[in-house]
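# Remarks on the overall topology
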Amino acid sequence: MTGYTMLRNGGAGNGGQTCMLRWSNRIRLTWLSFTLFVILVFFPLIAHYYLTTLDEADEAGKRIFGPRVGNELCEVKHVLDLCRIRESVSEELLQLEAKRQELNSEIAKLNLKIEACKKSIENAKQDLLQLKNVISQTEHSYKELMAQNQPKLSLPIRLLPEKDDAGLPPPKATRGCRLHNCFDYSRCPLTSGFPVYVYDSDQFVFGSYLDPLVKQAFQATARANVYVTENADIACLYVILVGEMQEPVVLRPAELEKQLHSLPHWRTDGHNHVIINLSRKSDTQNLLYNVSTGRAMVAQSTFYAVQYRPGFDLVVSPLVHAMSEPNFMEIPPQVPVKRKYLFTFQGEKIESLRSSLQEARSFEEEMEGDPPADYDDRIIATLKAVQDSKLDQVLVEFTCKNQPKPSLPTEWALCGEREDRLELLKLSTFALIITPGDPRLVISSGCATRLFEALEVGAVPVVLGEQVQLPYQDMLQWNEAALVVPKPRVTEVHFLLRSLSDSDLLAMRRQGRFLWETYFSTADSIFNTMLAMIRTRIQIPAAPIREEAAAEIPHRSGKAAGTDPNMADNGDLDLGPVETEPPYASPRYLRNFTLTVTDFYRSWNSAPGPFHLFPHTPFDPVLPSEAKFLGSGTGFRPIGGGAGGSGKEFQAALGGNVPREQFTVVMLTYEREEVLMNSLERLNGLPYLNKVVVVWNSPKLPSEDLLWPDIGVPIMVVRTEKNSLNNRFLPWNEIETEAILSIDDDAHLRHDEIMFGFRVWREARDRIVGFPGRYHAWDIPHQSWLYNSNYSCELSMVLTGAAFFHKYYAYLYSYVMPQAIRDMVDEYINCEDIAMNFLVSHITRKPPIKVTSRWTFRCPGCPQALSHDDSHFHERHKCINFFVKVYGYMPLLYTQFRVDSVLFKTRLPHDKTKCFKFI
């Protein structure tokens, strides 16, 4: 019980002790908090008061903490220590500040070195990448060549023949001469260059009997021919002129034969010789009819079947314009298609068939079998019936009003003078040409003259007699320019002529005009055509065309080209490689030896068709018919495939059929140095740019202190002989790419616009692709053509102040296009862009392609251009009408087609498509 009580008491005492402990703890915490508050609040206040009431030290000094006067604080010893410490610290701080600045300077120098090293590394990476690209491209080219088994060709090395001939086995008869048995190929290797030696006719007796005009014209064209050589020992071909003779002819065939056989290089049988008998009159005698010509070729306008050797001899056109050029102002236009008369014919038949030629052997000895059928009476009756029916207006006259021109037996003689005949043909849609009644006379000078005159004035020839051998018939497709109808079908001629559509008729008239201009019109064209015929037959490639040697003007480069933000603001659009793409020239002379065996008739019959008649160009031509022969030429080489349509791949490569290609900028300028420098700087960083050719058109050289910008590609400054806008289109030898961007020095184009135009041109290589569009219009009140630069929904021209075109057209413009057009450009100092549009449209029969919506270019601060002159548009009106007269029709074609970049610069993710579309 007691223990229990004690336990209870003890328990109660313990609870009281716990309560006391809790209460004491609370008191201690409260006291401690109060004490800390007093210390933290009142002690700083007391210290502050104490310090502010200290007396100044003995030495003069400044107050330390508060407003004190004199040296009160410095009298205290520890305050002096503090002053010394402060001075020491201040000195150390100054030293540390100096060291800090020194370290900052060293850090800045090191940063500059780091940036220089980074730039060097980037340059090294770029160089490495460029080297990798070069190696990759070289490997790619090597693989292509190995796959094609076709080495890259350059200009051929000439192999010349030996002086002595090995000799050829004689044929059974000279009438059976063909190239394989009468021509010595060993003297004409493929790489010989086709040297031609021309005899001087004055050194022989027959030379004194030659017509002076014919001889003078022949000698002039021979001197200027690229194939003629003065070294007879290396010649492939020997040419001698024997006619036309003056009247009366006193040289007998035996005498002419003797003189021919005595030629220095005749070599017993005359192989590899060409005997030329040009005719200027319709009654030119057949001098070589009874002359043994051996293995020599004969070129003349009159042949009997017994003397003509197909594939060996040449039927040539008469030399009508001996020493004069055709007057384009007198040639009638090709439109309207239908003229006053449906067809016309004037002539008088010479009946005598047997009073022929008065040769040693009579004509009766040459005839075998029954006499030939004579359809002339049926032809006369049929044509008179058509004229009397008056269904169509025709004019046929079978008797000359005046004395007919002399002609061969059975041949229809010409009536009247040449001028009178041309006036009638200008009114004729078709011109009838009736072949001689004797079918053994395969061609005569009279028929050839009728054919020449019809083609000259645009009357479509209708030849009655299928046995006729037209000039260069084995090369030219005469069915594209003339109708050859057998004489028994004379009753169907009227129906046949009426059935031709206007489009077919115009096409035949245009092709006839092309054949006349290219192969018949002048002495140069006739002689060049004869040589081209022979060279093509023996499959020797044409000589390379002449390129304009660029006389470079020395200039200093070094000015760092800036980047115009308006020109190069492409965002994240990668337009293509710039520094990583090395200069790459377009392949040249890929078809040196295959040009004469591929696309044979197309080369001779496609306007302007100079690839056999004229030297061939380094770059394969791009003709309208070539679009269907993909891969047949440089213009459409299927090298690799496209890179696909995804965004990054599309931007990084050109793709397409020619994924590896660059272009050359040709910029014409005249004494506008500041404008020129600004334009060149805008080309900095332009992808796929091979080089820039600046055509310096001023006689005054650039300033000596002028610094030219460094734009990453070569800038070639070319000096010209005279100030001419035609210099813009000269085929400079420094242009090594097929693509040319012709641009004015004041034209502002963004990089993306240029790249877009380049991509479009690569899809249409035979067209002019550019930015500013213009069109022509017919002025009804004045009955003439007008040039118009107003905004329009259709166009027919693209100005070459900002346009892409193929270099092939530069050759045609400078060497093939009629000289009269270039003369007018020089006269007006205007219209060169119109002339180029006429040329390309005439060749391709397609309009140009306009890209983007640009219509004009603005050049703030530029000097006034020629186009701002009031007379500018009047001159362009005159140019268009003159060019139409030269071409004979309006070659420009309208188009409502424009190519715009729909998605070319659209900001899309890289895994989406970035491309352009045509609208």
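This structure is a prediction, so every number in the text was calculated from the model and none was measured. (Residues numbered from 1 in each chain as written. Predicted model: local features only at pLDDT ≥ 70, side-chain atom pairs only at ≥ 80, totals over all residues. Heavy atoms only, no water.)

## Digging into the state of the cysteines
In protein structure, a disulfide is the covalent linkage between the sulfur atoms of two cysteines. Applying the stated criterion across every chain yields a total of 4 disulfides. The side chain of Cys400 participates in a disulfide bridge whose partner is Cys415; the two sulfur atoms lie 1.7 Å from each other. Given an S-S torsion of about -70°, the disulfide between Cys400 and Cys415 has left-handed geometry. Separated by 15 residues along the polypeptide, Cys400 in the loop between strand 10 (395–397) and strand 11 (412–413) and Cys415 in the loop between strand 11 and helix 8 (418–425) bring together distant segments of the chain. On the basis of relative accessible area, Cys400 is assigned to the buried category, the value being 10%. (Disulfide = S-S within 2.5 Å. Helix = DSSP H or I, 4+ residues; strand = E, 2+ residues; numbered from the N terminus. Buried < 20%, exposed > 50% of the residue type's maximum accessible area, 1.4 Å probe, protein only.)

## Focus on the packing of aromatic side chains
Tallying each qualifying case throughout the model produces 30 aromatic pairs. Here Phe345 and Phe398 contribute two aromatic rings whose centre-to-centre distance is 5.9 Å and whose plane-to-plane angle is 40°, an arrangement assigned as tilted. Of this pair, Phe345 sits in strand 8 (residues 341–346) while Phe398 sits in the loop between strand 10 and strand 11, and the two are 53 residues apart along the sequence. Through pairs of rings, three or more aromatic residues link up here, namely Tyr197, Tyr199, Phe204, Phe206 and Tyr238. Lying over the aromatic face of Phe758, Arg762 brings its terminal NZ or CZ to 6.0 Å of the ring centre. Above the face of the Tyr787 ring, Arg876 is positioned so that its terminal group lies 4.3 Å from the ring centre. (Phe/Tyr/Trp six-rings, centres within 6.5 Å; stacked < 30°, edge-to-face > 60°. Lys NZ or Arg CZ within 6 Å of the ring centre and 35° of its normal.)

## Describing a nonpolar patch on the surface
A cluster of nonpolar side chains, namely Leu32, Leu36, Phe37, Leu40, Val41, Phe42, Leu45 and Ile46, defines an oily patch on the protein surface of about 810 Å² accessible area. Here Val41 falls in the partly exposed class, since its relative accessible area comes to 33%. (Patch = residues over 30% accessible without salt bridge, like charges linked within 9 Å, V, L, I, M, F, W, Y side chains within 5 Å. Areas by Shrake-Rupley, 256 points an atom, 1.4 Å probe, with all protein chains shown as cover. Salt bridge = Lys/Arg side-chain N within 4 Å of Asp/Glu carboxyl O.)

## Here's the deal with the environment of Arg767
As for its placement among the helices and strands, Arg767 is situated in the loop between helix 17 (751–763) and strand 23 (769–770). By relative accessible area, Arg767 is classed as buried at 16%. Sequence separation between Arg767 and Pro847 is 80 residues; the distance between their C-alpha atoms is 7.5 Å. Of note is the side chain of Arg767, whose polar atom sits 2.7 Å from the backbone oxygen of Pro847. (Polar contact = N/O pair within 3.5 Å; in protein donor to acceptor, adjacent residues only side chain to side chain.)

## Regarding the sheet that holds strand 26 (residues 797–798)
Paired through backbone hydrogen bonds, the strands of a sheet run either parallel or antiparallel to each other. Taken together, 3 strands build an open sheet; the order of strands is 25-24-26 and the sheet is antiparallel. Of all strands in the sheet, those with a lone pairing partner are strand 25 (784–788) and strand 26, marking the two edges. Pairing between strand 24 (residues 773–779) and strand 26: 2 bridges, direction antiparallel. Bridge pairing in strand 26 links Gly773 to Val798. Across the sheet, helix 21 (residues 871–887) lies against strand 24, strand 25 and strand 26, angled at about 135° from strand 25, the strand it touches most. (Pairing = 2+ DSSP bridges. Contact = heavy atoms within 4.5 Å. Axes fitted to C-alpha atoms, helices over the stretch in contact; angles between N-to-C directions.)

## Some thoughts on the confidence of the model for the protein
Per-residue pLDDT for the protein has a mean of 80; in total, 75% of the residues score no lower than 70. Counting interchain partners and residues more than four positions distant, the pLDDT-below-50 stretch residues 1–13 has 0 contacts. Per-residue pLDDT stays below 50 along residues 910–919; that stretch engages in 37 contacts with residues further than four places along the chain or on separate chains. (pLDDT = per-residue confidence, 0-100.)

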